[in-house]
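Report on the structure
If you want the building blocks of each chain, they are given just below.
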Amino acid sequence: MDAQVYIAPGPFELETGHTLPELRIAYHTYGKLNDARDNAIWVCHALTANSDVADWWPHTVEEGCFLDPARHFVICANIIGSHYGTTGPLHVNPATGKPWYRDFPPFTIRDLVRAHQLLADALGIRRIALLVGSSVGGFQAVEWAVSEPGRIARLALIATAAKASPWAIAIDETQRMAIEADTTFGEPRDDAGMKGLAAARAIGLLSYRGPEGYNLTQQDREEAPALHRACTYQQYQGEKLCRRYNAYSYYAILDAFDTHDVGRGRGGEEEALARITAHTIVVGITTDIIFTPAEMRLLHRRIPGSSYYEIDSPFGHDGFLVEHEQLNNILLPFMND
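This section reports on the structure supplied with the text. (Residues numbered from 1 in each chain as written. Predicted model: local features only at pLDDT ≥ 70, side-chain atom pairs only at ≥ 80, totals over all residues. Heavy atoms only, no water.)

Points about the overall build of the chain
- Scanning the chain from N- to C-terminus turns up 11 helices and 12 strands.
- On C-alpha atoms alone, the chain measures out to a radius of gyration of 20 Å, which is about the 20 Å that the 2.2 N^0.38 rule sets for 337 residues.
- Overall size of the chain, expressed as C-alpha extent along the three principal axes, is 60 × 50 × 40 Å.
- Put simply, the chain has 337 residues, and 56% of those count as buried.
- Here the analysis covers contacts within the chain between residues at least 6 apart in sequence; of these, 73% occur between residues at least 24 apart.
- Of the roughly 14200 Å² of accessible surface on the chain, a fraction of 53% belongs to carbon and sulfur atoms.
- For the chain, the distance from the average site of its 29 positive side-chain charges to the average site of its 42 negative ones is 3 Å. (Helix = DSSP H or I, 4+ residues; strand = E, 2+ residues; numbered from the N terminus. Rg over C-alpha atoms; globule rule 2.2 N^0.38 Å. Buried < 20%, exposed > 50% of the residue type's maximum accessible area, 1.4 Å probe, protein only. Contact = heavy atoms within 4.5 Å. Areas by Shrake-Rupley, 256 points an atom, 1.4 Å probe, with all protein chains shown as cover. Lys, Arg positive; Asp, Glu negative; His and termini not counted. Charge placed at Lys NZ, Arg CZ, Asp CG, Glu CD.)

Some words on helix H4 (residues 166-180)
- Here H4 spans 20 Å end to end across 15 residues, near enough to the 21 Å set by a 1.5 Å rise per residue.
- The complete set of buried residues in H4 reads Ala168, Ile171, Asp172, Gln175, Arg176, Ala178 and Ile179. Buried positions in H4, seen along its axis, are confined to an arc of 155 degrees and lie on one side of it.
- Elements that come into contact with the buried residues of H4 comprise helix H5 (194-217) and helix H7 (247-258). (Expected span 1.5 Å × (residues − 1). Arc of directions from axis to C-beta.)

Here we look at the environment of Thr287
- Structurally, the position occupied by Thr287 is in the loop between strand S11 (279-285) and helix H9 (293-302).
- Residue classification places Thr287 among the buried residues on the basis of a relative accessible area of 15%.
- In this structure, the C-alpha to C-alpha distance between Thr287 and Gly319, residues 32 residues apart in sequence, is 8.4 Å.
- Apart from residues lying up to four places away in sequence, Thr287 is in contact with Glu212, Ser313, Pro314, Phe315 and Gly316.
- Separated by 2.9 Å, the side chain of Thr287 and the backbone nitrogen of Gly316 make a polar contact. (Polar contact = N/O pair within 3.5 Å; in protein donor to acceptor, adjacent residues only side chain to side chain.)

Focus: the packing of aromatic side chains
- Within this structure, the stated rule accounts for 14 aromatic pairs.
- With centroids separated by 5.8 Å and ring planes inclined at 85 degrees, the aromatic side chains of Tyr214 and Tyr233 adopt a geometry described as edge-to-face. With a gap of 19 residues between them, Tyr214 in helix H5 and Tyr233 in helix H6 (residues 229-242) connect regions that are remote in the sequence. Tyr233 shares its class with Tyr214; the two are buried.
- When the ring of Tyr245 is compared with that of Tyr250, the centres are 6.5 Å apart and the planes differ by 85 degrees; the resulting orientation is edge-to-face. Both residues of the pair, Tyr245 and Tyr250, count as buried.
- Feature note: the residues Trp56, Trp57, Phe66 and Phe320 constitute an aromatic cluster, connected by ring pairs.
- Here Arg102 stacks its cationic end above the ring of Tyr251, 5.3 Å away from the centre of that ring.
- Its end group placed over the ring of Phe334, Arg154 keeps NZ or CZ at 5.5 Å from the ring centre. (Phe/Tyr/Trp six-rings, centres within 6.5 Å; stacked < 30°, edge-to-face > 60°. Lys NZ or Arg CZ within 6 Å of the ring centre and 35° of its normal.)

What about the nonpolar core?
- Counting 79 residues, the largest nonpolar core has Trp42 and Tyr250 as its most contacted members.
- Considering every element that reaches this core, the biggest residue donor is H7, with nine residues.
- Residues in contact with Trp42, not counting those within four places in the same chain, are Ile75, Ala77, His116, Leu119, Ala120, Ile125, Ile128, Leu130, Leu131, Val132 and Trp144.
- Formed by 28 residues, the second largest nonpolar core is a distinct cluster that contains Tyr30, Val43, Ala49 and Val283. (Core = buried A, V, L, I, M, F, W, Y, C linked by side-chain atoms within 4.5 Å.)

What to know about the side chain of Asp182
- With respect to the helices, strands and loops of the structure, Asp182 is situated in the loop between H4 and H5.
- Buried charge without a partner: Asp182 forms no salt bridge, and the closest opposite charge is Arg189, 6.5 Å away.
- At a separation of 3.4 Å, a polar atom in the side chain of Asp182 contacts the main-chain amide nitrogen of Met194.
- With near-sequence residues (within four places) excluded, Asp182 lies in contact with Gly193, Met194, Lys195 and Gly196. (Salt bridge = Lys/Arg side-chain N within 4 Å of Asp/Glu carboxyl O.)

A word on the state of the cysteines
- In total, this model carries zero disulfides according to the counting rule given.
- No disulfide involves Cys44; its sulfur sits 7.3 Å from that of Cys76, the nearest cysteine.
- A residue is classified by how much of its surface remains accessible, and Cys44, at 2% relative accessible area, is buried. (Disulfide = S-S within 2.5 Å.)

Brief notes about the sheet that holds strand S1 (residues 4-7)
- Sheet architecture is open: eight strands sit in the order S1-S4-S6-S5-S9-S10-S11-S12, paired in mixed fashion. What marks the edges here is a single partner per strand, and that holds for S1 and strand S12 (307-311). Across the sheet, the axes of successive neighbouring strands diverge by a mean angle of 20 degrees, strand direction being ignored.
- In this sheet, strand S4 (residues 24-30) lies alongside S1 in antiparallel orientation, the contact comprising four bridges. Paired with Tyr6 across the two strands is Ile25, which belongs to S4.
- The strands that helix H2 (residues 109-122) touches are S1, S4, strand S5 (40-44) and strand S6 (73-77); relative to S5, the one it contacts most, it runs at about 155 degrees.
- Where helix H3 (residues 136-147) meets the sheet, its contacts fall on S5, strand S9 (130-134) and strand S10 (154-158), and the angle it forms with S9 comes to roughly 145 degrees. (Pairing = 2+ DSSP bridges. Axes fitted to C-alpha atoms, helices over the stretch in contact; angles between N-to-C directions.)

Shown next, in the form of structure tokens:
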């Protein structure tokens, strides 16, 4: 299913003081908006995902699951800076007639949310029945719930945070260093920095899966002791991302990731989270080393009236993608309560 494209009216002012002369937003929808316009579920996607939720979140956009298109109008908008249709580094800068590449202006998580809000207004969605986000998608979801509490009825925050932690920022900086070490990064071409991007992805994957996930799935075979599965897996994952993404988008979104602080200019994190009026569920993952269960429980305690659940998984942060049965079992009762 091809993405639809919304073109925002006029230039889009970024929080960083820069301006996008044109903002195109790619998005997918599933199901139909009812007459009361109160059955919308908005999914905020993570780092390298696209707006086609059914493509990257297995067994969620199905009958009987929490993103059931027979019951709900499910929408996901591709984020600014992405490789998948929304205005990003490979798009042409109208002022120069050439792609932006590394000159793409810096942006923040709040800019991503303001773009979502523009699209929601254009689609006539004044009330969102459920706003859901995992990882960087959760950054967007918590920011939206704080900045516009009246629009969000229910909120599901999965493996995410109210602020980018020093640990998460350090992971991002290590990935940026890998991209910068590729001497082609900065050259005005779509495939610049690809070796750096492959290395960055391999670094990131260590934090997504963690030791339990690797030790469970990447043990060496006795018949090939010199061929380490963990090595070929890292190489494969780096090459796989390079076939579908670009280094400029990856770098730009990592920068935006690090700007996330829902308490900035709002009296701090606790005061900001107290603004959330949505019925909220916070979901941690037992082995997540990016957003640890302890951090997720703290997030839950700071959101008024929220509930907390954990996914039991050896697959670390990626457990939200892998453990779809547990996720459906947690979110369906929450939605029907």
